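# Secondary and tertiary structure notes
Read off the chains here:
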Amino acid sequence: MPLDERTYETLTGIVGELWVERAPCVLDTYAYYQNPETMNQDGSQWLPRPAAVLLPDSAEEIQEIMRFCSRSKYMAKPISTGFHTAAAASNDDTIILDLKRMNRILDIDEKNQIAVVEPYVRGIDLQTQLLKVGLNCHIVSAGAMHSLLASHAAAWGYGVTGSSTSYSGRNLLGVEWVLPNGDIVTLGSSGFGAGWFSCEGPGPSMRGVMRGFHGTFGGLGVFTKCSIKLYKYDGPRSWDFEGQSPNYVLKEIPKRGKFVAIAFPSRKAERDGGYKMGEAELNYGEFRTPMFFTALGLTNNNLELKEALDSGLFPKFANHVLSCAFFAASDGEFAWKEEALAEIIKETNAAPVPFNLSASIRSLKLAGKLLAGVKDPLAPLRKSPALRRFAESSSFGAAQRRATQSRLFWLLVRNAVNIQSAFRPSQGMATMMGAFDTWDLAHAQAEYAAKAKQKYIEQGLIIADGGDLGAGGTFESGHLGYLEGIILYDPSNPASVEAVRDLVEGGLRASIDEALGVPIAGFGVNANKELGPACYHYDRWVARLKSALDPNTASDPFFYSEPEDEDDNPT
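Residues numbered from 1 in each chain as written. Predicted model: local features only at pLDDT ≥ 70, side-chain atom pairs only at ≥ 80, totals over all residues. Heavy atoms only, no water.

### Some details on the packing of aromatic side chains
The description of two aromatic rings rests on the distance between their centres and on the angle between their planes. The condition that has to hold: Only Phe, Tyr and Trp rings take part, Trp by its six-membered ring, and two of them pair if their centres are within 6.5 Å. Stacked means planes under 30 degrees apart, edge-to-face means over 60, and tilted covers everything else. To qualify as a helix, a DSSP run of H or I must reach at least 4 residues; to qualify as a strand, a run of E must reach at least 2; elements of each kind are numbered from the N terminus. Relative accessible area decides the class of each residue, using a 1.4 Å probe on protein chains only: under 20% of the type maximum gives buried, over 50% gives exposed, and in between gives partly exposed. Note on geometry: a ring has a charge over it if NZ (lysine) or CZ (arginine) is within 6 Å of the ring centre and within 35 degrees of the ring normal.
Using the criterion set out here, one finds 24 aromatic pairs in the structure. With 5.2 Å between their ring centres and 50° between their planes, Tyr158 and Phe436 make a pair best called tilted. With Tyr158 in the loop between helix 6 (148-154) and helix 7 (162-165) and Phe436 in the loop between strand 18 (428-433) and helix 19 (439-458), the pair connects residues that are 278 residues apart, well separated along the chain. In terms of burial, Tyr158 and Phe436 fall into one category: buried. In textbook terms, an aromatic cluster arises when at least three aromatic residues are bridged by ring pairs, as seen for Tyr233, Trp239, Phe241, Tyr248, Phe259, Tyr284, Phe327, Phe409 and Trp410. In this structure, Arg22 packs its charged tip against the face of Tyr8, placed 3.7 Å from the ring centre.

What follows is the structure, given as structure tokens:
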């Protein structure tokens, strides 16, 4: 509902008249996010229009806002960079707190590898400063424009440098938290004035309460600062490039850097390869690149993509591809990594995808005809290390090779996710499965998703992508793994939208029935009710936390948890 004048005056008294917005045309921009039609049961592309949007500039202002919400009918919903539908208000009594004014990097401690940031510090903002001094932070796959605080303290997110920079939720070293009642708590060592080096303190940890596995999605107060762990970076401190958006090409590939896409002959070999590279600590960045995405990444438009798929080449060699970035601190280390990679390629019968071959329509058509009867076009490279070395160093196609390596640099180092390209085939993208567990379980999820999608592909309701769009990679040198099942659909076709909803909900049930882990869609009130009974009734405990810390529902609960039902106590 629109704000009444008394409420408007109260809120302007907190943040100033300039930073309170209630114009419908502006509020509607906060009611549209990624694939809303798949989450709205009626298929609508619009989410609730919030009552107002506030842009606070400090934890003290947020304190007053939360106190106001605690004594009124309104609820607060904080967002930083936004993107996903979970950033929206759940009803028209929700006030959006847009935290873009809180965009300061508060500290970079190079020696102890710690950074302290506010909510609107994006991955690209911090990383640009860090790379200059040989450090890096974990950035999730939403891309370098996402909020670091959001992914570390408030929500999930899985990034392509997970093999070397862990996972955001595990990198959290401290947080300043405005509770729903307006109190401020600072968790960990920083709460005792001892510095931002640990999220735990002398006593029981609150990390599970304030973040848990998926996060609270703004449903339990507002996080106004956080400290994150940084990691060593041995790549280039600066680089020169040419070209224009979205295709920038490095003028020179880093001396002790290697960017390669490795094609494995089977899923088992791919799993083994991921573990082996992790054990050797080779990968700095890594992305499992399904066949359809491999073709998508090597083409510039949908016509080229169609010709690439019609050529028949990609299904023959690109079903099990890991795109990887390697860096080394010395020539000796780089030489060792190259030898280790060559040995892993040999042990798994893999082959590097030759980057010096043109992906033009004419070349693809010709290659498709010439290799029509060839089962494995990469067989010569699998058998001959000398031929692989020639393909990687030959002057033939050098410009094409450098352009493709540059794409991997932007993706695997700078996290430049090409959203335009990702949505290019169908204008709609959703996801399913995606539990964070072992690398083996990640592949089991990808296999389930590929099979589940087939009937909808056959009905023409989603893109014929080969089924397996399991995207992700390994984390912490193979200790963990993650793959989510991407679905490309037509948002203007109600039947296509319904197919996506069936797939996501079916994946939620399969996660329980087939023990496939808690999926990426396993958050919010409805998912908690479904998953909770299979996971030690965590839904009841989360509801108790909501009741204890937010008795007046000052924070929008929909994407987190409703308060506890008095008749439903944990046992």
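### What to know about the domain arrangement of the protein chain
Interface size is commonly expressed as the accessible area that is lost once the parts come together. Test applied: Marked domain ranges trace back to an automatic or database domain assignment. By definition, residues are in contact when any of their heavy atoms lie within 4.5 Å. Note on definitions: buried area is the accessible-area loss of two parts on being combined, 1.4 Å probe, summed for both. Salt bridge, as used here: a side-chain nitrogen of Lys or Arg that lies within 4 Å of a carboxyl oxygen of Asp or Glu. Two N or O atoms form a polar contact when they lie within 3.5 Å of each other; inside protein one atom must be a possible hydrogen donor and the other a possible acceptor, and for residues adjacent in sequence the pair counts only when both atoms belong to side chains. Residue polarity is assigned by list, with Asp, Glu, Lys and Arg as charged and Ala, Val, Leu, Ile, Met, Phe, Trp, Tyr, Cys and Pro as nonpolar; anything else, Gly included, falls into the polar class.
Split by domain assignment, the protein chain resolves into domain 1 (5-98), domain 2 (105-232), domain 3 (241-513) and domain 4 (524-568). Each partner contributes residues to the interface: domain 1 has 14 residues there, and domain 4 has eight residues. Carbon and sulfur atoms supply 60% of the area buried between domain 1 and domain 4, which totals about 800 Å² over both sides. It is Ser70, Met75 and Ser90 that lose the most area in domain 1 upon contact with domain 4, and together they represent 47% of the buried surface on that side. Counting the contacts that link domain 1 with domain 4 gives zero salt bridges. For the pair domain 1 and domain 4, the number of links is five residue pairs in polar contact (both at pLDDT 80 or more). When residues of the side of domain 1 that touches domain 4 are traced back to their parent elements, those giving at least two are helix 4 (59-70) and strand 3 (75-79). Looking at side-chain class alone, the side of domain 1 that touches domain 4 contains nine nonpolar, four polar and one charged residues.

### Brief notes about the pairing of strand 9 (residues 184-187)
We count it as follows: Here, strands pair whenever DSSP counts at least two bridges between them.
Here strand 8 (residues 172-178) runs beside strand 9; their pairing, made up of four bridges, is antiparallel. The residue bridging Val175 from the neighbouring strand is Leu187, located in strand 9.

### Concerning unusual backbone geometry
In this structure, Asn35 takes a positive phi of about 35° despite not being glycine. Inspection of the secondary structure puts Asn35 in the loop between helix 2 (24-27) and helix 3 (36-39). According to the relative accessible area criterion, Asn35 is buried, its value standing at 11%. Despite not being glycine, Gln427 shows a phi value in the positive range, around 75°.

### Observations concerning the pattern of salt bridges
Enumeration according to the criterion identifies 31 salt bridges in this entry. Arg122 serves as the salt-bridge partner of Asp125, at 2.8 Å between the closest nitrogen and oxygen. The class for Asp125 is partly exposed, based on a relative accessible area of 24%. Relative accessible area serves as the criterion here: at 23%, Arg122 is assigned to the partly exposed category. Residue Arg170 is joined to Glu476 by a salt bridge in which the shortest nitrogen-to-oxygen separation is 2.7 Å. Taken together, the residues span a long stretch of sequence, with Arg170 in the loop between helix 7 and strand 8 and Glu476 in the loop between strand 19 (470-475) and strand 20 (480-489) at a distance of 306 residues. One continuous salt-bridge network, built from bridges that share partners, spans Arg267, Glu270, Arg288, Glu447 and Asp468.

### Structural notes on the packing of helix 20 (residues 494-513) against helix 21 (residues 524-531)
Put simply, the rule reads: Here the axes come from fitting lines to C-alpha atoms, over the contacting stretch only for helices, and the angles between their N-to-C directions go from 0 to 180 degrees. Oblique is the label for any angle not under 35 degrees, not over 145, and not in the 65 to 115 range, which are roughly parallel, roughly antiparallel and roughly perpendicular in turn. The hand of a helix crossing depends on one turn: near helix anticlockwise from the far one by less than a right angle means left-handed, and clockwise means right-handed.
Running from amino to carboxyl end, helix 20 crosses helix 21 at an angle of 30°, the nearest separation of the two axes being 10 Å. By the criterion of interaxial angle, the relationship of helix 20 to helix 21 is roughly parallel. The chirality of how helix 20 crosses helix 21 is right-handed. Touching Leu508, Arg509 and Ile512 of helix 20 are Ala527, Glu530 and Leu531, all from helix 21. Split by residue class, the contact of helix 20 with helix 21 holds four nonpolar, no polar and two charged.

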